[in-house]
Amino acid sequence: MSAARPDGAVEKFKAWWGRYVGGEAVPRRLCHRWFRDEAGYRGRVARFGDVKPDRPEDFVWQPGPPPPPDEAFARLRWGGQLLVTHGDDDTLLRAARAYAADDGFEVEAGPRATFPQRFGIPLPLFGRRLRYLLLRKVTLLRPGEDTDRFTFDVRLVRRPELGNRYVVMKQVPRYRRVVARLHNRFPEAPQTVLLERAEKLVKRVFPVFLTREAGFLQLLNRDLPAEYRGRVPEALGFERAADGTIKRLYMTWLRLGVDPVSHLDFAKQAAELLSVLHDRVGVIHLDLRLDNVLICDGRVCFIDFGSSVRVGENIAASPLLSSLFEEMANTSRIQRTMGRMRDAGRLTSDVLVAAHGKLDKGVDMFYLSLQISKPVSNPDLRPLIGFEPGSEVAKRIKLMTGAILRPSDPNRPHFISAADVLGGLRRIEAKLEAAGESTT
């Protein structure tokens, strides 16, 4: 006579086994298998339906029908991956073709099929076969998308000569794309004017700035102290046009990380890096918008050095550079903001007012002060900076920013350099710690 089994034990075992080799367990282990070597992966994978376009994710799983490329693009960070699992081969094959034809994505794997695994050993007899497709977002903008500024064509690529890992490729945009963007921004302008402007941008402006960026990256990786070199891109290679200018630049990918930093730590790191650039390397960035600031592995990094200059560089010696930088000084967002704040009486420091319209370190210090006071203009950075407007840290940084922009004595400001800003932030930290206040 056989021993009686506990009531429901068989059903419980079947349910457990189903979860173990089927259901969501297999896709989650599949996610881990694909994502575990990716920078920033911490074992967390978001479901596609839970991801909001204003808070994109790096690692996303879609169980069920593949979403259209437009929807997937909005829910992934640059370089983010989407794993689609579905039971129908034809559905995944059609999706793979659609994504392969889409400029914003690369199909990394699939459509493929896998069985449940344990210790890396497939178990074909103990679970259903799972079909999947792995996709990666490789461009910053959707095809046809526009921004308020002219930008290069930037994408992630894999190059065999660069180790077949993903790197950033930045290249001069195509002539037709520039014409289309000019037409979108200036629909009333005559076609001949747009064509002439596009030709100037493609043949003169973009190549000059890309060539300068390659040079500055090489300079930074040579002259930056070792502990700061990983906080700017490294130039890995480039391709030249017939006139000797660089038309395509390859550089390391500083992936926006998942590890957040406190508001005060963000401000301190940004001020410290800027101080090193100014005082130890002699480089002025000139475009320190939050779009050009990253947090990678808990470190604040700067990118996009195409508009940079050397401290004391004689731009006037080159008629082309003189013309380009004069135009930039008159039209850039940072310079326009400085002009508006000066005219409204919200910028009175002699040091910063004197920098308006010039290629000066004060331009960087001005915009750094605005960014650290309220670092929310870049939606990709918001989840990575512990910014709380009503916190003691935020109040003190805001007060310090006011002292930078509108000192009590405009002729003798206390803050005249990025090093001074860093010193002010360290004093804030010391006072908070002495008072027992949190600095995070």
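Quick look at the structure, then. (Residues numbered from 1 in each chain as written. Predicted model: local features only at pLDDT ≥ 70, side-chain atom pairs only at ≥ 80, totals over all residues. Heavy atoms only, no water.)

1. Some words on the packing of helix α7 (residues 263-281) against helix α13 (residues 418-434)
- Between α7 and α13, the least distance of the axes is 8 Å, while the angle of their chain directions is 155 degrees. The orientation of α7 relative to α13 falls into the category roughly antiparallel. In the crossing of α7 with α13, the sense of the turn from one axis to the other is left-handed. Judged by residue contacts, L264, A267, K268, A271, E272, L274, S275, H278 and D279 of α7 engage A418, A419, V421, L422, L425, R426, I428 and E429 from α13. (Axes fitted to C-alpha atoms, helices over the stretch in contact; angles between N-to-C directions. Helix = DSSP H or I, 4+ residues; strand = E, 2+ residues; numbered from the N terminus. Parallel < 35°, antiparallel > 145°, perpendicular 65-115°, else oblique. Left-handed = near helix turned anticlockwise from the far one by under 90°. Contact = heavy atoms within 4.5 Å.)

2. Side note on the side chain of Q335
- Relative to the assigned elements, Q335 resides in helix α9 (residues 333-343).
- Exposure remark for Q335: the relative accessible area of 5% places this residue in the buried category.
- Apart from the residues lying within four places of it in its own chain, the contact partners of Q335 are M328, A329, A355, H356, G357, K358 and V363. (Buried < 20%, exposed > 50% of the residue type's maximum accessible area, 1.4 Å probe, protein only.)

3. Quick look at the packing of helix α12 (residues 392-405) against α13
- Two elements in contact, α12 and α13, have axes separated by 11 Å at closest approach and are oriented at 145 degrees. Crossing angle aside, the handedness with which α12 passes α13 is right-handed. Within the contact between the two elements, α12 uses E392, V393, R396, I397, M400 and I404 and α13 uses V421, G424, L425, I428, K431 and L432.
- Class assignment for the residues of the contact of α12 with α13 results in 8 nonpolar, 1 polar and 3 charged. (Nonpolar A, V, L, I, M, F, W, Y, C, P; charged D, E, K, R; others polar.)

4. Points about the pattern of salt bridges
- Taken as a whole, this structure holds 25 salt bridges when the rule is applied.
- One salt bridge in this structure joins D58 and R255, with 3.5 Å as the shortest N-O distance. Placement of D58 in strand β2 (residues 57-63) and of R255 in the loop between β11 (246-251) and β12 (261-262) is noted, with a sequence separation of 197 residues between them.
- Among the ionic pairs, D287 bridges to R289, the shortest N-O distance being 2.9 Å. Here the two residues D287 and R289 agree in accessibility, since each one is buried.
- Each of E38, D58, R77, E108, R136 and R255 takes part in a single network of salt bridges with overlapping partners. (Salt bridge = Lys/Arg side-chain N within 4 Å of Asp/Glu carboxyl O.)

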